[in-house]
Amino acid sequence: MSGLNASLGYFVAVVVFAASVRTLLRKWPRLSFMTEFASSFMLVACRLEVQTIVEVGEWAGGLGPDVTVTMLFVVLLTQGVICGNATGNTNLVLLKFLQLEATTLPTLLAVAAQFLGAFLGLLAAGYYWGLELTDMHMIKNLMARECSTSLQVSLLQGFFTECVCALVFHLIHLNLERRSALIRVPLIAVLLTFLSHTGRGYTSAYINPSLAYGLTFHCPGFTFTEYAVVYWLGSFTGMTVALLLYMGHIPRIFAKNLLYSQKTRFRVPKGDKGEKKKI
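First, a word on what this report is: a plain description of the structure on this page. (Residues numbered from 1 in each chain as written. Predicted model: local features only at pLDDT ≥ 70, side-chain atom pairs only at ≥ 80, totals over all residues. Heavy atoms only, no water.)

What follows deals with the overall build of the protein chain. Within the protein chain, the secondary structure is distributed over 11 helices and 0 strands. When each of the 279 residues of the protein chain is scored for burial, the buried share is 46%. A separation of at least 24 residues holds for 75% of the contacts in the protein chain among residues at least 6 apart in sequence. Here the protein chain displays about 14900 Å² of accessible surface, and carbon together with sulfur accounts for 66% of that area. (Helix = DSSP H or I, 4+ residues; strand = E, 2+ residues; numbered from the N terminus. Buried < 20%, exposed > 50% of the residue type's maximum accessible area, 1.4 Å probe, protein only. Contact = heavy atoms within 4.5 Å. Areas by Shrake-Rupley, 256 points an atom, 1.4 Å probe, with all protein chains shown as cover.)

Turning our attention to the state of the cysteines. Across all of its chains, the model carries 1 disulfide by this definition. Sulfur-sulfur distance for the disulfide between Cys147 and Cys219 comes to 2.0 Å. Disulfide Cys147-Cys219: the torsion about the S-S bond is -125 degrees, which places it as left-handed. Note that Cys147 is positioned in the loop between α6 (135-143) and α7 (155-176) and Cys219 in the loop between α9 (209-215) and α10 (224-247), a separation of 72 residues in sequence. Lacking any disulfide linkage, Cys163 is separated from the closest cysteine sulfur, that of Cys165, by 9.4 Å. Assessed through its relative accessible area of 16%, Cys163 is described here as buried. (Disulfide = S-S within 2.5 Å.)

This paragraph deals with the nonpolar core. The tendency in soluble globular proteins is for nonpolar side chains to be buried side by side. With 62 residues, the main nonpolar core has Phe169, Ile207 and Tyr231 as its most contacted residues. Examining the composition of this core, we find that 11 residues originate from one element, helix α2 (residues 35-60), more than from any other. Once residues lying within four places of it in the same chain are set aside, the contact partners of Phe169 are Asn89, Leu92, Ile188, Leu191, Leu192, Leu195 and Ile207. (Core = buried A, V, L, I, M, F, W, Y, C linked by side-chain atoms within 4.5 Å.)

It is worth spelling out the environment of Ser32 at this point. Of note, Ser32 is situated in the loop between α1 (2-25) and α2. Between the C-alpha atom of Ser32 and that of Arg22, which follows or precedes it by 10 residues, the distance is 8.7 Å.

Turning next to the pattern of salt bridges. Per the stated rule, a full pass over the model turns up 1 salt bridge. The salt bridge partner of Glu55 is Lys140, with a shortest N-O separation of 3.0 Å. Linking Glu55 in helix α2 with Lys140 in helix α6, this pair joins segments that are 85 residues apart in sequence. The pair Glu55 / Lys140 is uniform in exposure class, with both members buried. (Salt bridge = Lys/Arg side-chain N within 4 Å of Asp/Glu carboxyl O.)

The subject of this paragraph is the side chain of Asn208. Among the secondary structure elements, Asn208 is positioned in the loop between α8 (181-198) and α9. For Asn208, a relative accessible area of 2% gives the class buried. Discounting residues that sit within four places of it in the chain, Asn208 has contacts with Leu43, Gly88, Asn89, Thr90 and Asn91.

Before going further, it helps to spend a moment on helix α5 (residues 104-130). Its 27 residues give α5 an end-to-end C-alpha distance of 39 Å, which sits within 8% of 39 Å, the value for a rise of 1.5 Å per residue. Backbone geometry just after α5 places Glu132 at a positive phi near 50 degrees. (Expected span 1.5 Å × (residues − 1).)

A separate point is the environment of Cys219. What makes Cys219 buried here is its relative accessible area of 2%. In this structure, the C-alpha to C-alpha distance between Cys219 and Ser150, residues 69 residues apart in sequence, is 8.5 Å. The residues touching Cys219, leaving out its near neighbours within four places in the chain, are Cys147, Ser148, Thr149 and Tyr227.

Turning next to the layout of surface pockets. In this model, the largest pocket occupies a volume close to 600 Å³. In terms of lining, the largest pocket is formed by 34 residues, of which the most central are Gly84, Thr87, Leu92, His173 and Ile188. Taken together, the elements giving at least two residues each to the lining of the largest pocket come down to α2, α3 (65-83), α4 (90-98), α7 and α8. When residues of the lining of the largest pocket are assigned to their parent elements, the largest contribution, 8 residues, is made by α8. In terms of residue class, the lining of the largest pocket is built from 18 nonpolar, 11 polar and 5 charged. (1 Å grid on protein atoms, 1.4 Å probe; cavity = no way out; pocket = protein on both sides within 12 Å on 5 of 7 lines; lining within 4 Å. Points joined across faces, edges and corners; volume = space filled by probe spheres on them. Nonpolar A, V, L, I, M, F, W, Y, C, P; charged D, E, K, R; others polar.)

Now for the packing of α7 against α10. Interhelical geometry of α7 versus α10 gives an angle of 35 degrees and a closest axis separation of 7 Å. Handedness of the α7/α10 crossing: right-handed. (Axes fitted to C-alpha atoms, helices over the stretch in contact; angles between N-to-C directions. Left-handed = near helix turned anticlockwise from the far one by under 90°.)

What follows deals with the packing of aromatic side chains. Both the distance between ring centres and the angle between the ring planes are used here to describe each pair of aromatic rings. Within the structure shown, the criterion is met by 15 aromatic pairs. Measuring from ring centre to ring centre gives 6.3 Å for Tyr227 and Tyr231, while their planes differ by 35 degrees; the resulting arrangement is tilted. Taken together, the positions of Tyr227 and Tyr231, both in helix α10 and 4 residues apart, correspond to about one turn of that helix. The burial state of Tyr227 is the same as that of Tyr231; both residues are buried. By way of ring pairs, the aromatic residues Phe115, Tyr206, Tyr213, Phe217, Phe222, Phe224, Tyr227, Tyr231 and Trp232 are connected into one cluster. The cationic tip of Lys140 hangs over the ring face of Trp129; the distance from NZ or CZ to the ring centre is 4.9 Å. Lying over the aromatic face of Phe97, Arg252 brings its terminal NZ or CZ to 4.1 Å of the ring centre. (Phe/Tyr/Trp six-rings, centres within 6.5 Å; stacked < 30°, edge-to-face > 60°. Lys NZ or Arg CZ within 6 Å of the ring centre and 35° of its normal.)

Below, the structure is given as structure tokens:
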């Protein structure tokens with residue numbers, strides 16, 4: 001339990017830091033894109049610790065899969081509640097851009113902030129492991145340079161997995177977009193937890209380029225380009241297809257609806273038309 005207590009303390013410290021950054025940034029509206037930095041930092045730093053519990057804690061700390069799944073759900077739920085619209089998900093930022101809800105410069109700044117947050121989250125987790133507060137973290141610190149990649153399948157299978165998971169996630173997310181946060185946030189957390197647990201033996205279904213960059217790009221086994229094809233191009237493709245299926249077109253690229261006809265919802269009865277002509 002000492003390892004679990006140390007992890008809980010680490011989670012609290014990361015959450016407090018992210019919440020503090022978001023509070024400070026409210027004074028400077030022009031730096032609102034930096035809320036994505038706080039969200040991405042929190043997401044990567046906490047997911048790295050969850051990953052440690054999965055890789056090491058289940059056999060060194062006696063923590064079962066039920067504990068790791070529960071902790072993953074709590075992390076995702078907490079991030080959704082505290083960070084709000086700042087999702088820390090690169091694809092969701094690009095989705096707003098494709099929907100014409102964001103312009104080019106804010107989108108680029110938000111994406112850059114996310115990757116900066118992911119990088120610093122990786123450094124923060126590495127520093128925490130280096131403290132070796134528990135046996136679990138001591139083992140993780142020894143394994144840090146030779147971490148196991150999340151990509152457990154071939155590039156083609158990995159690309160297809162990320163693409164399909166992103167397609168499912170974004171279709172559901174688009175349908176929940178206008179729902180109350182009380183409904184949307186828990187459902188999204190459950191969905192991401194399910195996809196991550198289901199895809200553990202394939203790609204871990206990160207569905208988030210900046211998150212994947214922080215969690216697995218530094219691990220040996222594949223090149224940077226190969227990781228990018230799976231985790232960046234694969235998830236982006238799934239997101240784009242989901243937007244096309246949901247709206248029938250991609251507003252940023254073309255305005256014409258390719259899939260759904262723009263018919264009026266109500267039709268005038270033929271009898272009424274005839275009466276109007278007689279009048």
